[in-house]
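# Understanding the architecture of this molecule
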Amino acid sequence: MFYQEVDEEITLKLLVLTDSQALFQLTDQSRESLREWLGWVDNTKTVDDSRSFIEHTLQVYDDKKGLHAGIMYQHELAGIIGFNSFDWTNKIGKIGYWLATDFQGKGIMSRAVRSLIDYAFSELSLNRVEIRAAYENKKSRAIPERLGFMEEGLIRQAEWLYDHYVDHVVYGMLASEWEAQ
Ligand SMILES: CC(C)(COP(=O)(O)OP(=O)(O)OC[C@H]1O[C@@H](n2cnc3c(N)ncnc32)[C@H](O)[C@@H]1OP(=O)(O)O)[C@@H](O)C(=O)NCCC(=O)NCCS
């Protein structure tokens, strides 16, 4: 089972079904801020939806197709981080993340992403980690930029968000670059 200590305040852990209520509450409390950038928020209406998400993440983890972890901040669930997918042939992982409103602005996500990348290059032997963020999503883009990712390009109309498309900026980090910095 995936479990990673980031620092004295933050740990990353695979969620289990008993976390469903906490995950739903967190999502529900932050609905407004999350839905600006995440397309699944309006479809998360009840605890059962959060339970289905956790079931999905456990299956994906077993199948080695992805890795989604809860971010625990001072022992409280604060958000989700993970690899939405792995491309094992080319050793690429694509990171996604969100934090509930109350936990933003404390550097939690930057620290969590840094730790997940350490894990990806050292334990999973990936060669490339990718982060995509909507062009206008300044807070999300600040994370790869803070961690020294290279901005590699723009994918036009990459995602449908409720009533409009957004462009994605692609950031990449290579194992050799991470080791060097
Ligand atoms: C994207 C998202 C996770 C960013 O959250 P965040 O709190 O801004 O990111 P961090 O946790 O890394 O915190 C960074 C902030 O904490 C501050 N900070 C404090 N201590 C810090 C530390 N040790 N390290 C880094 N930053 C620190 C930074 O200065 C920064 O504040 P600023 O925005 O005022 O400059 C959040 O906005 C979110 O969940 N958005 C909705 C979902 C979303 O967009 N997901 C991404 C889809 S691609």
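Residues numbered from 1 in each chain as written. Predicted model: local features only at pLDDT ≥ 70, side-chain atom pairs only at ≥ 80, totals over all residues. Heavy atoms only, no water.

## Points about the overall build of the chain
Our working definition: Numbering of helices and strands runs from the N terminus; a helix is a DSSP stretch of H or I covering at least four residues, while a strand is a stretch of E covering at least two. Values of the radius of gyration come from C-alpha atoms, whereas the globule rule sets the reference at 2.2 Å times the count of residues to the power 0.38. Only heavy atoms enter the contact rule, under which two residues are in contact if any of them lie within 4.5 Å. When charges are counted, Lys and Arg contribute as positive and Asp and Glu as negative, whereas His and the chain ends are disregarded. Charge positions come from single atoms, namely NZ of Lys, CZ of Arg, CG of Asp or CD of Glu.
Looking only at helices and strands, the chain features six helices and eight strands. When the elements of the chain are put in sequence order from the N terminus, they spell out β-β-α-α-α-β-β-β-α-β-α-β-β-α. Compactness check: the chain gives a C-alpha radius of gyration of 16 Å against a globular reference of 16 Å for 181 residues, within 12% of the reference. Projecting the C-alpha coordinates of the chain onto the three principal axes gives extents of approximately 45 × 40 × 30 Å. Of the contacts made within the chain by residues no fewer than 6 positions apart, 58% connect residues no fewer than 24 positions apart. Between the centroid of the 19 positive side chains of the chain and the centroid of its 29 negative side chains there is a distance of 3 Å.

## A closer look at the environment of Tyr135
Selection criterion: Classification of residues uses two cut-offs on accessible area relative to the type maximum, computed with a 1.4 Å probe and protein chains only: under 20% is buried, over 50% is exposed, and between them is partly exposed.
Within the secondary structure layout, Tyr135 lies in the loop between strand 6 (128-134) and helix 5 (138-146). The class of Tyr135 is partly exposed, set by a relative accessible area of 45%. Measuring from C-alpha to C-alpha, the distance between Tyr135 and Met72 comes to 28 Å, with 63 residues separating the pair along the chain. Ignoring any residue separated from it by four or fewer positions in sequence, one finds Tyr135 in contact with Arg141, Leu154, Asp167, His168 and Val169.

## Some thoughts on the UniProt feature "domain: N-acetyltransferase" (unreviewed entry) in the chain
Threshold: UniProt positions are given in the numbering used here, feature names are shortened, and annotations may be inferred rather than shown by experiment.
As recorded in UniProt, the feature "domain: N-acetyltransferase" (unreviewed entry) lies at residues 10-176. Each end of residues 10-176 is marked by a C-alpha atom, and these two atoms are 26 Å apart; helix forms 34% of the span and strand 37%.

## Regarding the environment of Ile117
Its place among the elements puts Ile117 in helix 4 (residues 108-122). Through-space distance from the C-alpha of Ile117 to that of Lys45 is 32 Å; in sequence the pair is 72 residues apart. In this structure, Ile117 is in contact with Ile95, Val129, Leu147, Phe149 and Trp178, ignoring residues within four places of it in sequence.

## Description of the site of the ligand
For clarity, the cut-off: Throughout, near means a residue has at least one heavy atom within 4 Å of the molecule or strand. What qualifies as a polar contact is a pair of N or O atoms within 3.5 Å, subject to a donor-acceptor requirement within protein and to the restriction that residues adjacent in sequence count only when both atoms come from side chains. Per-residue accessibility takes into account occlusion by the displayed protein chains alone, with areas from the Shrake-Rupley method and a 1.4 Å probe.
Near the ligand there are 20 residues, and of these Leu99, Gly105, Met109, Ser110 and Asn137 occur at the shortest range. Residue Leu99 places a main-chain N or O atom 2.8 Å away from an oxygen atom belonging to the ligand. A distance of 2.8 Å separates an oxygen atom of the ligand from a polar atom in the side chain of Asn137. Taking 940 Å² as the accessible area of the ligand by itself, protein coverage stands at 70%. Contributions of two or more residues to the shell around the ligand are made by strand 5 (92-99), helix 4, strand 6 and helix 5.

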